[in-house]
Amino acid sequence: MTASPARPLDPARDGPPPSLRRARRSWYVYDWANSAYVTTTATVLFAPYLTVLARRAACGEGAQGCTRDLTVLGLQVAPGSLALYTTTLATLLSALLLPFAGAVADRVRRRNLLLGAFAWPGAAAATAMVALSGDRWELGVLLAVVATLSLTASSVVNDALLCDVAALAERDAVSSRGWAAGYLAGFLLLAVNLVLVSSPGLVGLDEEGAVRVSLASAGLWWGVFTLVPVLGLRHLPPRPAVPGAGGVLAPVRQLVRTLRGLRSHPQALRFLLAYLVFNDGIQTVVAAASVYGQEELGFGSSQLITTVLLVQAVAFGGALLFGRAAARFGAQRTVLAGLGLWIVVVLAAFAVPRGAFGTWLALAVLIGLVLGGTQALARSMFSRLVPVGAEAEYFGLYQAGERGTSWLGTLVFGLVAQLSGSYRPALVALLAFFVVGAWLLSRVDVAAGARDAGQG
(Lines give C-alpha, C1' and ligand atoms only; values in the text may rest on other atoms or scores of the structure.)
Protein backbone atom coordinates (compact mmCIF):
# COMPACT_ATOMS: atom_id res chain seq x y z
CA MET A 1 0.00 0.00 0.00
CA THR A 2 1.49 3.33 -1.04
CA ALA A 3 1.59 6.05 1.56
CA SER A 4 -0.14 9.23 0.58
CA PRO A 5 2.20 12.18 0.15
CA ALA A 6 2.47 14.64 3.00
CA ARG A 7 0.08 17.53 2.70
CA PRO A 8 1.95 20.83 2.29
CA LEU A 9 1.49 23.32 5.08
CA ASP A 10 -1.31 25.81 4.53
CA PRO A 11 -0.65 28.93 6.69
CA ALA A 12 -4.32 29.89 6.61
CA ARG A 13 -5.34 26.50 8.05
CA ASP A 14 -2.27 25.27 9.93
CA GLY A 15 -0.99 28.56 11.27
CA PRO A 16 2.65 29.65 11.21
CA PRO A 17 5.45 27.04 11.20
CA PRO A 18 6.87 25.95 14.60
CA SER A 19 10.02 28.06 14.23
CA LEU A 20 7.96 31.21 13.72
CA ARG A 21 5.67 30.36 16.63
CA ARG A 22 8.74 30.06 18.87
CA ALA A 23 10.06 33.40 17.62
CA ARG A 24 6.69 34.98 18.35
CA ARG A 25 6.69 33.71 21.91
CA SER A 26 10.16 35.20 22.39
CA TRP A 27 8.97 38.49 20.90
CA TYR A 28 6.06 38.65 23.36
CA VAL A 29 8.55 38.49 26.24
CA TYR A 30 10.02 41.92 25.54
CA ASP A 31 6.66 43.48 26.30
CA TRP A 32 6.68 41.28 29.42
CA ALA A 33 10.19 42.52 30.31
CA ASN A 34 9.85 46.29 29.94
CA SER A 35 6.26 46.62 31.15
CA ALA A 36 7.34 45.85 34.71
CA TYR A 37 9.43 49.05 34.61
CA VAL A 38 6.65 51.01 32.94
CA THR A 39 4.15 49.90 35.59
CA THR A 40 6.11 49.86 38.85
CA THR A 41 8.45 52.77 38.15
CA ALA A 42 7.16 55.08 35.44
CA THR A 43 3.46 54.78 36.31
CA VAL A 44 3.28 54.33 40.09
CA LEU A 45 6.32 54.93 42.23
CA PHE A 46 8.80 57.25 40.56
CA ALA A 47 6.81 60.48 40.19
CA PRO A 48 5.50 60.60 43.79
CA TYR A 49 8.91 59.60 45.16
CA LEU A 50 10.77 62.19 43.09
CA THR A 51 8.25 64.75 44.36
CA VAL A 52 9.14 63.81 47.95
CA LEU A 53 12.87 64.17 47.22
CA ALA A 54 12.35 67.51 45.47
CA ARG A 55 10.17 68.90 48.28
CA ARG A 56 12.77 67.81 50.82
CA ALA A 57 15.49 69.58 48.82
CA ALA A 58 13.41 72.76 48.61
CA CYS A 59 12.10 72.86 52.17
CA GLY A 60 14.31 70.66 54.30
CA GLU A 61 13.38 67.61 56.34
CA GLY A 62 9.94 67.65 57.89
CA ALA A 63 8.86 71.08 56.61
CA GLN A 64 5.08 70.79 56.79
CA GLY A 65 3.01 73.00 54.49
CA CYS A 66 6.08 74.38 52.72
CA THR A 67 5.41 75.83 49.27
CA ARG A 68 8.97 76.77 48.40
CA ASP A 69 10.13 76.08 44.82
CA LEU A 70 13.31 74.45 43.59
CA THR A 71 15.79 76.48 41.59
CA VAL A 72 16.79 74.49 38.50
CA LEU A 73 19.19 76.18 36.05
CA GLY A 74 17.99 79.54 37.28
CA LEU A 75 14.29 78.69 36.89
CA GLN A 76 11.74 78.27 39.68
CA VAL A 77 10.17 74.79 39.56
CA ALA A 78 7.40 73.57 41.85
CA PRO A 79 8.41 70.22 43.41
CA GLY A 80 5.04 68.75 42.36
CA SER A 81 5.76 69.50 38.70
CA LEU A 82 9.37 68.22 38.61
CA ALA A 83 8.47 64.66 37.59
CA LEU A 84 6.31 65.96 34.73
CA TYR A 85 9.10 68.22 33.50
CA THR A 86 11.51 65.28 33.72
CA THR A 87 9.26 63.32 31.37
CA THR A 88 9.16 66.34 29.07
CA LEU A 89 12.96 66.55 28.97
CA ALA A 90 13.37 62.84 28.30
CA THR A 91 10.83 63.02 25.51
CA LEU A 92 12.44 65.98 23.78
CA LEU A 93 15.74 64.09 23.79
CA SER A 94 13.92 61.01 22.49
CA ALA A 95 12.41 63.00 19.64
CA LEU A 96 15.95 63.91 18.55
CA LEU A 97 17.58 60.50 19.02
CA LEU A 98 14.95 57.88 18.19
CA PRO A 99 14.77 58.46 14.42
CA PHE A 100 18.52 57.83 14.30
CA ALA A 101 18.03 54.67 16.36
CA GLY A 102 15.51 53.51 13.77
CA ALA A 103 17.90 54.25 10.92
CA VAL A 104 20.58 52.18 12.65
CA ALA A 105 18.13 49.32 13.28
CA ASP A 106 17.27 49.09 9.59
CA ARG A 107 20.95 48.75 8.75
CA VAL A 108 21.90 45.94 11.13
CA ARG A 109 21.53 42.32 10.16
CA ARG A 110 20.60 41.02 13.65
CA ARG A 111 17.99 43.22 15.25
CA ASN A 112 17.75 40.94 18.29
CA LEU A 113 21.28 41.94 19.35
CA LEU A 114 20.50 45.61 18.91
CA LEU A 115 17.39 45.13 21.07
CA GLY A 116 19.59 44.07 23.98
CA ALA A 117 22.15 46.81 23.35
CA PHE A 118 19.42 49.44 23.62
CA ALA A 119 17.52 47.81 26.51
CA TRP A 120 20.20 46.91 29.03
CA PRO A 121 21.53 50.45 29.78
CA GLY A 122 17.97 51.46 30.71
CA ALA A 123 17.55 48.39 32.88
CA ALA A 124 20.81 49.27 34.65
CA ALA A 125 19.64 52.86 35.23
CA ALA A 126 16.31 51.63 36.58
CA THR A 127 18.09 49.24 38.96
CA ALA A 128 20.37 52.06 40.14
CA MET A 129 17.30 53.93 41.45
CA VAL A 130 17.84 51.95 44.64
CA ALA A 131 20.43 54.67 45.43
CA LEU A 132 17.85 57.49 45.51
CA SER A 133 17.59 58.78 49.05
CA GLY A 134 17.58 62.00 51.03
CA ASP A 135 17.16 64.89 48.59
CA ARG A 136 18.99 63.38 45.59
CA TRP A 137 16.43 64.50 43.04
CA GLU A 138 19.16 65.35 40.48
CA LEU A 139 20.25 61.69 40.35
CA GLY A 140 16.62 60.66 40.02
CA VAL A 141 16.13 62.94 37.01
CA LEU A 142 19.30 61.61 35.35
CA LEU A 143 18.39 57.94 35.85
CA ALA A 144 14.83 58.50 34.62
CA VAL A 145 16.06 60.20 31.45
CA VAL A 146 18.50 57.36 30.69
CA ALA A 147 15.84 54.72 31.35
CA THR A 148 13.28 56.50 29.16
CA LEU A 149 15.70 56.90 26.25
CA SER A 150 16.67 53.25 26.51
CA LEU A 151 13.06 52.08 26.76
CA THR A 152 11.94 53.98 23.69
CA ALA A 153 15.01 53.10 21.59
CA SER A 154 14.58 49.39 22.34
CA SER A 155 10.86 49.67 21.60
CA VAL A 156 11.70 50.96 18.11
CA VAL A 157 13.53 47.70 17.44
CA ASN A 158 10.85 45.57 19.08
CA ASP A 159 8.04 47.22 17.08
CA ALA A 160 9.95 46.72 13.84
CA LEU A 161 10.37 43.04 14.73
CA LEU A 162 6.57 42.73 14.68
CA CYS A 163 6.82 42.84 10.89
CA ASP A 164 9.26 39.89 11.02
CA VAL A 165 7.21 37.64 13.30
CA ALA A 166 3.68 38.27 11.96
CA ALA A 167 2.09 38.44 8.53
CA LEU A 168 -0.06 41.45 7.70
CA ALA A 169 -3.36 39.79 8.58
CA GLU A 170 -2.03 38.54 11.94
CA ARG A 171 -0.53 41.74 13.31
CA ASP A 172 -3.56 43.04 15.22
CA ALA A 173 -3.82 39.78 17.16
CA VAL A 174 -0.05 39.35 17.67
CA SER A 175 0.42 42.95 18.78
CA SER A 176 -2.51 42.66 21.20
CA ARG A 177 -1.07 39.48 22.72
CA GLY A 178 2.24 41.23 23.28
CA TRP A 179 0.55 44.08 25.10
CA ALA A 180 -1.50 41.59 27.13
CA ALA A 181 1.70 39.79 28.19
CA GLY A 182 3.11 43.13 29.29
CA TYR A 183 0.11 43.90 31.46
CA LEU A 184 0.26 40.48 33.07
CA ALA A 185 3.94 41.00 33.93
CA GLY A 186 3.25 44.45 35.29
CA PHE A 187 0.48 43.04 37.47
CA LEU A 188 2.65 40.27 38.91
CA LEU A 189 5.64 42.41 39.88
CA LEU A 190 3.47 45.25 41.16
CA ALA A 191 1.52 42.82 43.34
CA VAL A 192 4.77 41.84 45.05
CA ASN A 193 5.76 45.50 45.42
CA LEU A 194 2.35 46.32 46.90
CA VAL A 195 3.05 43.91 49.75
CA LEU A 196 6.55 45.34 50.17
CA VAL A 197 5.50 49.01 50.25
CA SER A 198 2.41 48.34 52.38
CA SER A 199 4.32 46.32 55.01
CA PRO A 200 8.01 47.27 54.75
CA GLY A 201 8.68 46.22 58.33
CA LEU A 202 8.22 42.57 57.35
CA VAL A 203 11.64 42.69 55.65
CA GLY A 204 13.24 45.26 57.95
CA LEU A 205 12.75 48.33 55.74
CA ASP A 206 11.11 51.70 56.19
CA GLU A 207 8.63 52.98 53.58
CA GLU A 208 11.24 54.86 51.52
CA GLY A 209 13.56 51.85 51.57
CA ALA A 210 10.72 49.67 50.31
CA VAL A 211 10.06 52.12 47.48
CA ARG A 212 13.74 52.08 46.46
CA VAL A 213 13.87 48.27 46.48
CA SER A 214 10.70 48.17 44.38
CA LEU A 215 12.23 50.56 41.85
CA ALA A 216 15.32 48.35 41.62
CA SER A 217 13.23 45.19 41.19
CA ALA A 218 11.64 46.65 38.05
CA GLY A 219 15.05 47.32 36.54
CA LEU A 220 16.27 43.81 37.32
CA TRP A 221 13.10 42.30 35.85
CA TRP A 222 13.56 44.33 32.67
CA GLY A 223 17.21 43.34 32.28
CA VAL A 224 16.85 39.62 33.01
CA PHE A 225 13.80 38.95 30.83
CA THR A 226 15.33 40.87 27.90
CA LEU A 227 17.61 37.84 27.53
CA VAL A 228 14.65 35.84 26.19
CA PRO A 229 13.99 37.84 22.98
CA VAL A 230 17.70 38.50 22.45
CA LEU A 231 18.40 34.75 22.43
CA GLY A 232 15.04 33.50 21.15
CA LEU A 233 15.00 35.69 18.03
CA ARG A 234 18.51 34.76 16.96
CA HIS A 235 17.12 32.16 14.54
CA LEU A 236 15.21 34.72 12.47
CA PRO A 237 16.78 35.04 9.02
CA PRO A 238 19.39 37.82 9.06
CA ARG A 239 18.40 40.95 7.22
CA PRO A 240 20.10 41.62 3.88
CA ALA A 241 23.33 43.57 4.11
CA VAL A 242 22.92 47.25 3.31
CA PRO A 243 25.65 48.76 1.10
CA GLY A 244 27.63 51.30 3.09
CA ALA A 245 26.03 50.24 6.37
CA GLY A 246 29.32 50.55 8.20
CA GLY A 247 29.78 54.24 7.50
CA VAL A 248 29.38 56.53 10.52
CA LEU A 249 27.15 58.95 8.62
CA ALA A 250 25.22 56.30 6.68
CA PRO A 251 22.27 56.19 9.14
CA VAL A 252 22.07 59.99 9.07
CA ARG A 253 21.92 60.06 5.28
CA GLN A 254 19.32 57.29 5.30
CA LEU A 255 17.22 59.20 7.84
CA VAL A 256 17.28 62.31 5.66
CA ARG A 257 16.08 60.22 2.70
CA THR A 258 13.32 58.73 4.86
CA LEU A 259 12.08 62.12 6.03
CA ARG A 260 12.01 63.37 2.45
CA GLY A 261 10.19 60.23 1.39
CA LEU A 262 7.40 60.75 3.91
CA ARG A 263 5.66 62.90 1.31
CA SER A 264 5.31 59.75 -0.81
CA HIS A 265 3.48 58.03 2.07
CA PRO A 266 0.83 60.58 3.09
CA GLN A 267 -1.28 58.07 5.04
CA ALA A 268 1.70 57.09 7.21
CA LEU A 269 2.42 60.77 7.83
CA ARG A 270 -1.23 61.44 8.67
CA PHE A 271 -1.28 58.51 11.08
CA LEU A 272 1.93 59.72 12.75
CA LEU A 273 0.38 63.13 13.38
CA ALA A 274 -2.77 61.55 14.81
CA TYR A 275 -0.82 59.16 16.99
CA LEU A 276 1.50 61.88 18.30
CA VAL A 277 -1.54 63.86 19.45
CA PHE A 278 -3.76 61.18 21.01
CA ASN A 279 -0.88 59.20 22.50
CA ASP A 280 0.34 62.38 24.19
CA GLY A 281 -3.02 62.42 25.93
CA ILE A 282 -2.84 58.73 26.91
CA GLN A 283 0.74 58.93 28.17
CA THR A 284 0.10 62.10 30.15
CA VAL A 285 -2.89 60.52 31.88
CA VAL A 286 -0.74 57.49 32.73
CA ALA A 287 2.26 59.56 33.87
CA ALA A 288 0.19 62.00 35.92
CA ALA A 289 -2.25 59.51 37.46
CA SER A 290 -0.12 58.71 40.49
CA VAL A 291 0.65 62.38 41.22
CA TYR A 292 -3.02 63.29 40.70
CA GLY A 293 -4.13 60.52 43.03
CA GLN A 294 -1.60 61.46 45.71
CA GLU A 295 -1.70 65.25 45.61
CA GLU A 296 -5.27 66.02 44.46
CA LEU A 297 -7.24 63.09 45.88
CA GLY A 298 -5.15 62.29 48.95
CA PHE A 299 -4.39 58.61 48.28
CA GLY A 300 -1.33 56.87 49.76
CA SER A 301 1.26 54.71 48.01
CA SER A 302 -0.52 51.44 48.82
CA GLN A 303 -3.81 52.79 47.41
CA LEU A 304 -2.06 53.94 44.23
CA ILE A 305 -0.43 50.55 43.78
CA THR A 306 -3.79 48.84 44.33
CA THR A 307 -5.27 51.09 41.64
CA VAL A 308 -2.62 50.22 39.10
CA LEU A 309 -2.91 46.53 39.95
CA LEU A 310 -6.58 46.72 39.06
CA VAL A 311 -5.76 48.57 35.83
CA GLN A 312 -3.19 45.91 34.93
CA ALA A 313 -5.57 43.04 35.60
CA VAL A 314 -8.34 44.57 33.49
CA ALA A 315 -5.91 45.70 30.77
CA PHE A 316 -4.75 42.11 30.22
CA GLY A 317 -8.25 41.17 29.12
CA GLY A 318 -8.88 44.57 27.51
CA ALA A 319 -5.96 44.19 25.10
CA LEU A 320 -7.22 40.77 23.99
CA LEU A 321 -10.80 42.08 23.73
CA PHE A 322 -9.71 44.98 21.51
CA GLY A 323 -7.81 42.52 19.32
CA ARG A 324 -11.00 40.53 18.79
CA ALA A 325 -13.02 43.68 18.19
CA ALA A 326 -10.51 44.73 15.52
CA ALA A 327 -10.99 41.40 13.74
CA ARG A 328 -14.71 42.13 13.52
CA PHE A 329 -14.96 45.91 13.13
CA GLY A 330 -11.49 46.86 11.91
CA ALA A 331 -8.59 48.32 13.89
CA GLN A 332 -9.29 51.92 12.93
CA ARG A 333 -12.91 51.91 14.11
CA THR A 334 -11.94 50.10 17.29
CA VAL A 335 -9.23 52.65 18.15
CA LEU A 336 -11.64 55.53 17.48
CA ALA A 337 -14.13 53.96 19.89
CA GLY A 338 -11.33 53.63 22.42
CA LEU A 339 -10.49 57.33 22.13
CA GLY A 340 -14.14 58.13 22.84
CA LEU A 341 -13.82 56.13 26.05
CA TRP A 342 -10.64 58.03 26.95
CA ILE A 343 -12.66 61.26 26.84
CA VAL A 344 -15.10 59.69 29.30
CA VAL A 345 -12.13 58.72 31.52
CA VAL A 346 -10.81 62.30 31.71
CA LEU A 347 -14.22 63.79 32.49
CA ALA A 348 -14.88 61.16 35.14
CA ALA A 349 -11.47 61.67 36.77
CA PHE A 350 -12.12 65.41 37.01
CA ALA A 351 -15.32 64.71 38.96
CA VAL A 352 -13.87 62.21 41.48
CA PRO A 353 -14.20 63.75 45.00
CA ARG A 354 -11.14 63.86 47.25
CA GLY A 355 -10.76 60.62 49.17
CA ALA A 356 -13.41 58.72 47.14
CA PHE A 357 -11.32 55.60 46.66
CA GLY A 358 -14.23 53.39 45.53
CA THR A 359 -15.11 55.81 42.72
CA TRP A 360 -11.44 55.99 41.78
CA LEU A 361 -11.29 52.19 41.49
CA ALA A 362 -14.36 52.14 39.23
CA LEU A 363 -12.58 54.60 36.98
CA ALA A 364 -9.51 52.34 37.02
CA VAL A 365 -11.60 49.54 35.50
CA LEU A 366 -12.51 51.76 32.55
CA ILE A 367 -8.89 52.84 32.10
CA GLY A 368 -7.76 49.23 32.06
CA LEU A 369 -10.33 48.36 29.42
CA VAL A 370 -9.06 50.94 26.91
CA LEU A 371 -5.39 51.39 27.82
CA GLY A 372 -3.72 48.39 26.23
CA GLY A 373 -6.19 47.95 23.40
CA THR A 374 -5.77 51.39 21.86
CA GLN A 375 -1.97 51.23 21.94
CA ALA A 376 -1.70 47.64 20.70
CA LEU A 377 -3.93 48.32 17.71
CA ALA A 378 -2.17 51.60 16.96
CA ARG A 379 1.11 49.66 16.68
CA SER A 380 -0.35 47.07 14.32
CA MET A 381 -2.14 49.74 12.25
CA PHE A 382 1.09 51.63 11.72
CA SER A 383 2.93 48.45 10.73
CA ARG A 384 0.61 48.32 7.69
CA LEU A 385 1.66 51.82 6.61
CA VAL A 386 5.47 51.58 6.86
CA PRO A 387 7.44 50.88 3.65
CA VAL A 388 8.91 47.39 3.45
CA GLY A 389 12.59 47.53 4.43
CA ALA A 390 12.26 50.78 6.42
CA GLU A 391 10.22 49.45 9.34
CA ALA A 392 12.57 50.50 12.14
CA GLU A 393 13.10 53.99 10.72
CA TYR A 394 9.37 54.61 10.59
CA PHE A 395 8.88 53.10 14.02
CA GLY A 396 11.63 55.44 15.22
CA LEU A 397 9.41 58.33 14.18
CA TYR A 398 6.41 56.54 15.69
CA GLN A 399 8.17 56.11 19.03
CA ALA A 400 8.50 59.89 19.37
CA GLY A 401 4.85 59.73 20.42
CA GLU A 402 4.93 56.30 22.06
CA ARG A 403 4.43 55.37 25.74
CA GLY A 404 6.51 57.34 28.21
CA THR A 405 7.50 59.94 25.55
CA SER A 406 4.68 62.45 25.54
CA TRP A 407 6.16 65.91 25.84
CA LEU A 408 3.50 68.45 24.98
CA GLY A 409 0.91 66.76 27.20
CA THR A 410 3.14 66.61 30.27
CA LEU A 411 4.30 70.17 29.64
CA VAL A 412 0.70 71.43 29.41
CA PHE A 413 -0.33 69.44 32.47
CA GLY A 414 2.62 70.67 34.52
CA LEU A 415 2.21 74.31 33.51
CA VAL A 416 -1.55 74.39 34.13
CA ALA A 417 -1.07 72.67 37.50
CA GLN A 418 1.64 75.15 38.51
CA LEU A 419 -0.28 78.23 37.35
CA SER A 420 -3.66 77.18 38.76
CA GLY A 421 -2.43 75.46 41.90
CA SER A 422 -4.66 72.46 41.14
CA TYR A 423 -4.37 69.31 39.06
CA ARG A 424 -8.07 69.27 38.10
CA PRO A 425 -7.96 72.03 35.43
CA ALA A 426 -4.71 70.49 34.19
CA LEU A 427 -6.58 67.23 33.63
CA VAL A 428 -9.38 68.94 31.66
CA ALA A 429 -6.76 70.51 29.37
CA LEU A 430 -5.91 66.99 28.14
CA LEU A 431 -9.32 66.58 26.45
CA ALA A 432 -8.01 68.47 23.42
CA PHE A 433 -5.45 65.74 22.73
CA PHE A 434 -8.10 63.03 22.44
CA VAL A 435 -10.55 65.09 20.38
CA VAL A 436 -7.96 66.35 17.89
CA GLY A 437 -6.22 62.97 17.73
CA ALA A 438 -9.47 61.14 16.96
CA TRP A 439 -10.32 63.63 14.21
CA LEU A 440 -6.90 63.18 12.58
CA LEU A 441 -7.11 59.39 12.85
CA SER A 442 -10.52 59.35 11.17
CA ARG A 443 -8.91 60.92 8.08
CA VAL A 444 -6.36 58.10 7.59
CA ASP A 445 -7.02 55.73 4.66
CA VAL A 446 -5.32 52.56 5.92
CA ALA A 447 -5.97 50.49 2.77
CA ALA A 448 -4.45 53.15 0.50
CA GLY A 449 -1.50 53.56 2.84
CA ALA A 450 -0.79 49.82 2.84
CA ARG A 451 -0.75 49.79 -0.95
CA ASP A 452 1.62 52.76 -1.06
CA ALA A 453 3.96 51.03 1.41
CA GLY A 454 3.99 47.73 -0.50
CA GLN A 455 2.40 45.96 2.47
CA GLY A 456 -0.53 44.60 0.47
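The rules behind these values
Residues numbered from 1 in each chain as written. Predicted model: local features only at pLDDT ≥ 70, side-chain atom pairs only at ≥ 80, totals over all residues. Heavy atoms only, no water. Helix = DSSP H or I, 4+ residues; strand = E, 2+ residues; numbered from the N terminus. Buried < 20%, exposed > 50% of the residue type's maximum accessible area, 1.4 Å probe, protein only. Contact = heavy atoms within 4.5 Å. Areas by Shrake-Rupley, 256 points an atom, 1.4 Å probe, with all protein chains shown as cover. Axes fitted to C-alpha atoms, helices over the stretch in contact; angles between N-to-C directions. Parallel < 35°, antiparallel > 145°, perpendicular 65-115°, else oblique. Left-handed = near helix turned anticlockwise from the far one by under 90°. Nonpolar A, V, L, I, M, F, W, Y, C, P; charged D, E, K, R; others polar. Salt bridge = Lys/Arg side-chain N within 4 Å of Asp/Glu carboxyl O. 1 Å grid on protein atoms, 1.4 Å probe; cavity = no way out; pocket = protein on both sides within 12 Å on 5 of 7 lines; lining within 4 Å. Points joined across faces, edges and corners; volume = space filled by probe spheres on them. Core = buried A, V, L, I, M, F, W, Y, C linked by side-chain atoms within 4.5 Å. Expected span 1.5 Å × (residues − 1). Bend = angle between axes of the 7 residues up to and from the residue. pLDDT = per-residue confidence, 0-100. Phe/Tyr/Trp six-rings, centres within 6.5 Å; stacked < 30°, edge-to-face > 60°. Patch = residues over 30% accessible without salt bridge, like charges linked within 9 Å, V, L, I, M, F, W, Y side chains within 5 Å.

**With respect to the overall build of the protein chain**
Thinking step 1. What the protein chain contains, in helices and strands, is 18 helices and 2 strands.
Thinking step 2. With 456 residues in all, the protein chain has 56% of them scored as buried.
Thinking step 3. Sequence separation of 24 or more characterises 86% of the internal contacts of the protein chain that already satisfy a separation of 6 or more.
Thinking step 4. Put simply, the protein chain shows about 18400 Å² of open surface, and 67% of that area lies on carbon and sulfur atoms.

**Focus on the packing of helix α13 (residues 357-383) against helix α14 (residues 391-398)**
Thinking step 1. Taken N-terminus to C-terminus, the directions of α13 and α14 make an angle of 140°; their axes are 11 Å apart at the nearest point. Classified by the angle between their axes, α13 and α14 sit oblique to one another. Regarding α13 and α14, the two cross each other, and that crossing is right-handed. Facing Gln375, Ala378, Arg379, Phe382 and Ser383 of α13, the residues of α14 in contact are Tyr394, Phe395 and Tyr398.
Thinking step 2. A class-by-class count of the residues in the contact of α13 with α14 yields 5 nonpolar, 2 polar and 1 charged.

**Focus: the pattern of salt bridges**
Thinking step 1. Here the structure, examined in full by the defined rule, presents 8 salt bridges.
Thinking step 2. The salt bridge involving Glu295 is made with Arg55; its shortest N-O contact spans 3.8 Å. A residue pair is termed long-range when its members are at least 10 positions apart, and Glu295 in helix α10 (residues 266-296) and Arg55 in helix α2 (residues 18-59) qualify at 240 residues.
Thinking step 3. With a relative accessible area of 26%, Glu295 lands in the partly exposed category.
Thinking step 4. Among the salt bridges present, the one from Glu296 reaches Arg424, with a minimum N-O distance of 3.4 Å. Pair noted here: Glu296 is in helix α10 and Arg424 is in helix α16 (residues 423-428), with a separation of 128 residues, a long-range link. Note on accessibility: Glu296 and Arg424 belong to one class, buried.

**Remarks on empty space enclosed by the protein**
Thinking step 1. Under the definition given, this model contains 2 cavities of 30 Å³ or more.
Thinking step 2. By volume, the largest cavity is sized at about 850 Å³.
Thinking step 3. Lining the largest cavity we find 50 residues, and of these Val38, Ala42, Thr43, Val286 and Ala287 sit closest to its centre.
Thinking step 4. Those elements giving two or more residues to the lining of the largest cavity turn out to be α2, α3 (82-105), α5 (137-165), α6 (171-198), α10, α11 (301-329), α12 (331-351) and α13.
Thinking step 5. Here the lining of the largest cavity gets 11 residues from one element, more than from any other, and that element is α2.
Thinking step 6. Counted by class, the lining of the largest cavity contains 33 nonpolar, 15 polar and 2 charged residues.

**A look at the environment of Ala124**
Thinking step 1. By secondary structure assignment, the location of Ala124 is in helix α4 (residues 111-127).
Thinking step 2. Here the alpha-carbon distance between Ala124 and Val146, two residues 22 residues apart in the chain, equals 9.3 Å.

**Notes on the packing of α3 against α14**
When two helices pack together, you describe them by how their axes are tilted relative to each other and by the distance separating the axes.
Thinking step 1. With their axes 7 Å apart at the nearest point, α3 and α14 run at an angle of 165° to one another. One finds that α3 runs roughly antiparallel with respect to α14. In this structure, α3 meets α14 at a crossing whose hand is right-handed. Counted together, Leu98, Pro99, Gly102, Ala103 and Ala105 of α3 and Ala392, Glu393, Gly396 and Leu397 of α14 form the full contact between these two elements.
Thinking step 2. Each residue belonging to the contact of α3 with α14 can be placed in one class, and the counts come to 6 nonpolar, 2 polar and 1 charged.

**Digging into the nonpolar core**
Thinking step 1. Formed by 140 residues in total, the largest nonpolar core has its most connected members in Tyr37, Trp222, Phe271, Trp342, Phe382 and Leu441.
Thinking step 2. For this core, the leading source of residues is α2, giving 20 residues.
Thinking step 3. Contact partners of Tyr37, with chain neighbours within four places excluded, come to Ala42, Ala126, Met129, Ala144, Ala147, Thr148, Leu151, Ala218 and Trp222.

**With respect to α10**
Thinking step 1. Compared with an ideal rise of 1.5 Å per residue, which puts 31 residues at 45 Å, α10 spans 42 Å between its outermost C-alpha atoms and is within 8% of the ideal.
Thinking step 2. Its maximal kink placed at Ala288, α10 deviates by approximately 45°.
Thinking step 3. Of all 31 residues in α10, 23 are buried; the element is thus mostly enclosed.
Thinking step 4. At the C-terminal side of α10, Gly298 shows a positive phi close to 80°.

**Some thoughts on the confidence of the model for the protein chain**
Thinking step 1. In the predicted model, the protein chain carries a mean pLDDT of 82, and the fraction of residues at 70 or more is 88%.
Thinking step 2. The least confident element of the protein chain is helix α1 (residues 11-14), whose mean pLDDT is 48; the most confident is helix α7 (residues 207-225), at 95.
Thinking step 3. A low-confidence stretch, residues 1-12 stays under pLDDT 50, and its non-local contacts, those more than four residues away or across chains, total 5 contacts.

**Notes on the packing of aromatic side chains**
Thinking step 1. All told, the structure shown has 15 aromatic pairs when counted by the stated rule.
Thinking step 2. Where Phe382 meets Phe395, the ring centres are 5.3 Å apart and the plane angle is 80°; that geometry is what we call edge-to-face. Here the residue Phe382 occupies a position in helix α13, and Phe395 occupies one in helix α14, the gap between them amounting to 13 residues.
Thinking step 3. Classification of Phe382 by relative accessible area gives buried; the value is 0%.
Thinking step 4. Overall, the relative accessible area of 0% leaves Phe395 in the buried class.
Thinking step 5. Among the aromatic residues, those joined into a cluster by ring pairs are Phe271, Tyr275, Phe278, Phe382 and Phe395.

**Focus: the environment of Arg68**
Thinking step 1. Looking at where Arg68 falls in the secondary structure, it is placed in the loop between α2 and β1 (70-72).
Thinking step 2. For the pair Arg68 and Pro79, spaced 11 residues apart in sequence, the C-alpha separation works out to 8.3 Å.
Thinking step 3. Apart from the residues lying within four places of it in its own chain, the contact partners of Arg68 are Ala58, Cys59 and Pro79.

**Quick notes on a nonpolar patch on the surface**
Thinking step 1. A cluster of nonpolar residues, Val130, Val195, Leu202, Val203, Leu205 and Val213, forms a patch on the protein surface that exposes about 510 Å² of accessible area.
Thinking step 2. Topologically, Val213 is positioned in helix α7.

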